[in-house]
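Working through the structure, step by step
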Amino acid sequence: AQQTHIRNFSIIAHIDHGKSTLADRLIQSTGALTDREMKQQVLDSMELERERGITIKAQTVRLTYQARDGDTYILNLMDTPGHVDFAYEVSRCLAACEGSLLVVDASQGVEAQTLANVYQAIENDHEIVPVLNKIDLPAAEPARAKQQIEDVIGLDASDAIECSAKTGLGIDDVLEAIVTRLPAPGGDPDAPLRAMLVDSWYDAYLGVVVLVRVIDGQLKKGQHVKMLAARSEHSVDRVGIFTPKGVAVEALGPGEVGFITASIKEVADTRVGDTITDVRRPCTEALPGFKPSRSVVFCGLFPADSADYERLRDALAKLRLNDASFEYEPENSAALGFGFRCGFLGMLHLEIVQERLNREFDLELITTSPSVIYKIHMTDGSLVELHNPADMPDVVKIDHIEEPWILASILVPDDHLGAVLKLCEDRRGTQIDMTYVGTRAMVKYRLPLNEVVYDFYDRLKSVSRGYASFDYEMAGYEDSDLVKMSILVNAEPVDALSMLVHRSQAETRGRALCERLKDLIPRQLFKIPVQAAIGGKVIARETISAMRKDVTAKCYGGDVTRKKKLLEKQKKGKAKMRMYGKVEIPHTAFIAALKMR
Ligand code: GTP
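Keep in mind that what you see is a predicted model, and the values were worked out from it rather than measured.

1. Notes on the overall build of the protein
Looking only at helices and strands, one finds 14 helices and 31 strands in the protein. The buried share of the protein, taken over its 597 residues, is 53%. Contacts in the protein between residues at least 24 apart in sequence constitute 69% of all its contacts with a sequence separation of at least 6.

2. Re the sheet that holds strand β15 (residues 257-261)
Reading across the sheet, the eight strands line up as β11-β10-β16-β7-β8-β15-β12-β13 and stay open at both edges, with antiparallel pairing between neighbours. Each edge of the sheet is formed by a strand with only one pairing partner; in this case those strands are β11 (232-235) and β13 (246-248). Taking the axes of each pair of neighbouring strands and ignoring which way they run, one obtains an average angle of 40 degrees across the sheet. As paired strands, strand β12 (residues 238-242) and β15 are joined by three bridges and run antiparallel to one another. Bridging across to β15, R238 finds its partner in T261.

3. Description of the environment of V249
Examined against the element boundaries, V249 turns out to sit in the loop between β13 and β14 (251-252). Excluding anything up to four places from it in sequence, V249 contacts V239, G240 and I241.

4. Brief notes about the state of the cysteines
Applying the stated criterion to the full structure yields zero disulfides. The structure places no disulfide on C97, whose sulfur is separated from the nearest cysteine sulfur, that of C93, by 5.7 Å. Judged by its relative accessible area of 5%, C97 is buried.

5. Thoughts on the UniProt feature "binding site: GTP" (unreviewed entry) in the protein
Cross-referencing UniProt, the feature "binding site: GTP" (unreviewed entry) maps to D16, H17, G18, K19, S20, T21, N133, K134, I135 and D136 in the present numbering. Mapped onto the secondary structure, G18 falls in the loop between β1 (6-13) and α1 (19-29). Other than its neighbours up to four places away in sequence, G18 contacts N133 and K134. Following the sequence through the fold, K134 ends up in the loop between β5 (127-133) and α6 (142-153). Leaving out residues up to four positions away in the same chain, K134 has contacts with D16, H17, G18, D105, A140, C163 and S164.

6. Re α6
With 12 residues, α6 should reach 16 Å at 1.5 Å per residue; the first-to-last C-alpha distance of 16 Å fits that figure. When α6 is considered as a whole, its buried residues turn out to be P142, A145, Q148, I149, V152 and I153. Buried positions in α6, seen along its axis, are confined to an arc of 115 degrees and lie on one side of it. Exposed residues on α6 whose side chains face more than 90 degrees from its buried face are A143 and D151. In this fold, the buried residues of α6 make contact with β4 (99-105), α5 (112-123), β5, β6 (161-162), β24 (430-437) and β25 (440-448). Just downstream of α6 lies G154, where phi reads positive at about 80 degrees.

7. Section: the sheet that holds strand β18 (residues 327-333)
Read from one edge to the other, the open sheet built from four strands follows the order β18-β19-β17-β20, with strand pairing classed as antiparallel. The open sheet has two edge strands, β18 and β20 (365-367), and neither has a second partner. The sheet shows a mean angle of 30 degrees between the axes of neighbouring strands, taken without regard to direction. Bridging between β18 and strand β19 (residues 337-344) involves seven bridges; their strand directions are antiparallel. Bridge pairing links P330 to F340 in β19.

8. Observations regarding the nonpolar core
Counting residues in each nonpolar core, the largest one holds 52 residues, and the members touching the most others are L357, I410, F456 and F470. L22, A165, L175 and A177 belong to the second-largest nonpolar core, a separate cluster that totals 28 residues.

9. Concerning the packing of helix α8 (residues 309-322) against helix α9 (residues 347-360)
Close contact between α8 and α9 brings their axes to 11 Å; oriented N to C, the two are set at 125 degrees. Viewed along their axes, α8 and α9 adopt a mutual orientation that is oblique. In this structure, the crossing between α8 and α9 has a hand that is right-handed. Where α8 approaches α9, its residues L312, A315, L316 and L319 are matched on the opposing element by V353, R356 and L357. In terms of residue class, the contact of α8 with α9 is made up of six nonpolar, no polar and one charged.

10. Some points on α5
Residues spaced three or four apart along an α-helix point in a common direction, a consequence of the helix completing one turn every 3.6 residues. A rise of 1.5 Å per residue sets the reference length of α5, with its 12 residues, at 16 Å; its end C-alpha atoms lie 17 Å apart and thus fit the reference within 8%. All buried positions along α5 are accounted for by A112, Q113, T114, L115, N117, V118, Q120 and A121. Where α5 terminates, the next one or two residues include D125, which has phi positive at roughly 60 degrees.

Criteria and thresholds
Residues numbered from 1 in each chain as written. Predicted model: local features only at pLDDT ≥ 70, side-chain atom pairs only at ≥ 80, totals over all residues. Heavy atoms only, no water. Helix = DSSP H or I, 4+ residues; strand = E, 2+ residues; numbered from the N terminus. Buried < 20%, exposed > 50% of the residue type's maximum accessible area, 1.4 Å probe, protein only. Contact = heavy atoms within 4.5 Å. Pairing = 2+ DSSP bridges. Axes fitted to C-alpha atoms, helices over the stretch in contact; angles between N-to-C directions. Disulfide = S-S within 2.5 Å. UniProt positions renumbered as here; feature names shortened; annotations may be inferred. Expected span 1.5 Å × (residues − 1). Arc of directions from axis to C-beta. Core = buried A, V, L, I, M, F, W, Y, C linked by side-chain atoms within 4.5 Å. Parallel < 35°, antiparallel > 145°, perpendicular 65-115°, else oblique. Left-handed = near helix turned anticlockwise from the far one by under 90°. Nonpolar A, V, L, I, M, F, W, Y, C, P; charged D, E, K, R; others polar.

Now the structure itself:
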């Protein structure tokens, strides 16, 4: 294709503002698919994605559009993942385009997540076309949304396009704006090959499919290529484009987006953001911005039924075929048996994997408290990266501990601001900034990641009645006064419940957890202490009282000595039971206890 007639773009939008609907509409109105094919939403094809209403994997579609100037243009739509956990994947996708459509629901206005993605697009030098969607809704206020785009983002919204992805109104204007307002890609067709690996996935028929954007040179079938970060070489088997159906082509030139297959065994052998070049005539410089993907949240996954261990192992291996960003290794817990320690890009990523295991593989799982990576500096100068509190080294050998922090941006309507600030303060947050956008506040907080991993999203949604939107980026490590809190049931530590907490919060957390467990563990014939402890020191305690069998009820009349003797006997029996008796904590109790933190 002629370089001047190519436009590469992505769509930036907050969840539910209509990104997928608009993409489908663009595909349909350029005639890439028949109406029947359109019936299945094309861009988010995974069932789970559709049900949860989120886009997980980046995809791309090549559209052919005859513009008002009479020429035919190639429009490559790159679909970006919609969630904060996938921020790096989003950034690579944006780096592969020259421009983006900023879709804002005209009845909702600008949201926090939109902002983060817009800033990334601006960093990538994108030309940005604001699009006000859902103008068919009676509640739509395009003028207000425009004003917000100008005030909050600082973009000129005077020629924003108004459209309805649902009814099709204004879609032609969107297509025309892509052609006239976005730049054509640069790049030298005669230079050595330089292409970016945008995404990859496993296909049952083709094996690993790699989505690429060519910057310079040519990518051809049979070519011997090298991936710079992965340090691997492959021979290209297939070159193609998505229309959205896969179609083979001879070659891809500068500015073009397409896929290759090259007998790559696993998705894990490819790295998003990597540079692909020719082995015989390599480029001199790698593309900027490559970052290896790294898990930030860890937890243990155990089968609820230990007989399912093998099935869980197979399921994890299958999932990883398509999702190299999640990692796992075997783990053994005294309370929960055999399972796996898993690492994720973030909380939502964890939830997605958990739900897929549950749904696609019919596995019932127990998830332990999510943990972040703590950097433990030992007195001997060595550094331990801890992501399982159960493996915490001996306290006397620890010099100091660092924990990871995030910078959170929260956009919240005025009426709920107080509750949101309180939540952030309770989670050890430090306010960095607060600005106003009409009746909404944009607050920036530094927060410890370990305070956010568990139920922060849920709490934020609930204290703001669903109106707050949230986005975050990692913001480095800092020294922290963290302690390991163990939970003891009947004087036995329960490893699955141990956690690292900030000293200032240990007591509150410990007490809440003990109270909860007291209600969750069924009574037995003997008293069971439930304790939270730091080192050897108990900081909270509850007692589950024994079921009392009143043996004296059997003694009619008033023989006091006999009554006494019986009570004596009963006490001894209890002592025996306490000694040998093993407390059975029901799985449901674990799950409930782990949910609260
Ligand atoms: P994610 O995939 O979760 O990021 O969401 P999205 O931004 O892709 O939103 P999606 O296209 O799934 O649309 C969200 C909801 O808004 C759906 O119920 C759509 O039917 C609806 N919707 C999208 N565009 C319009 C529009 O122009 N008008 C109206 N009335 N509804 C729309």
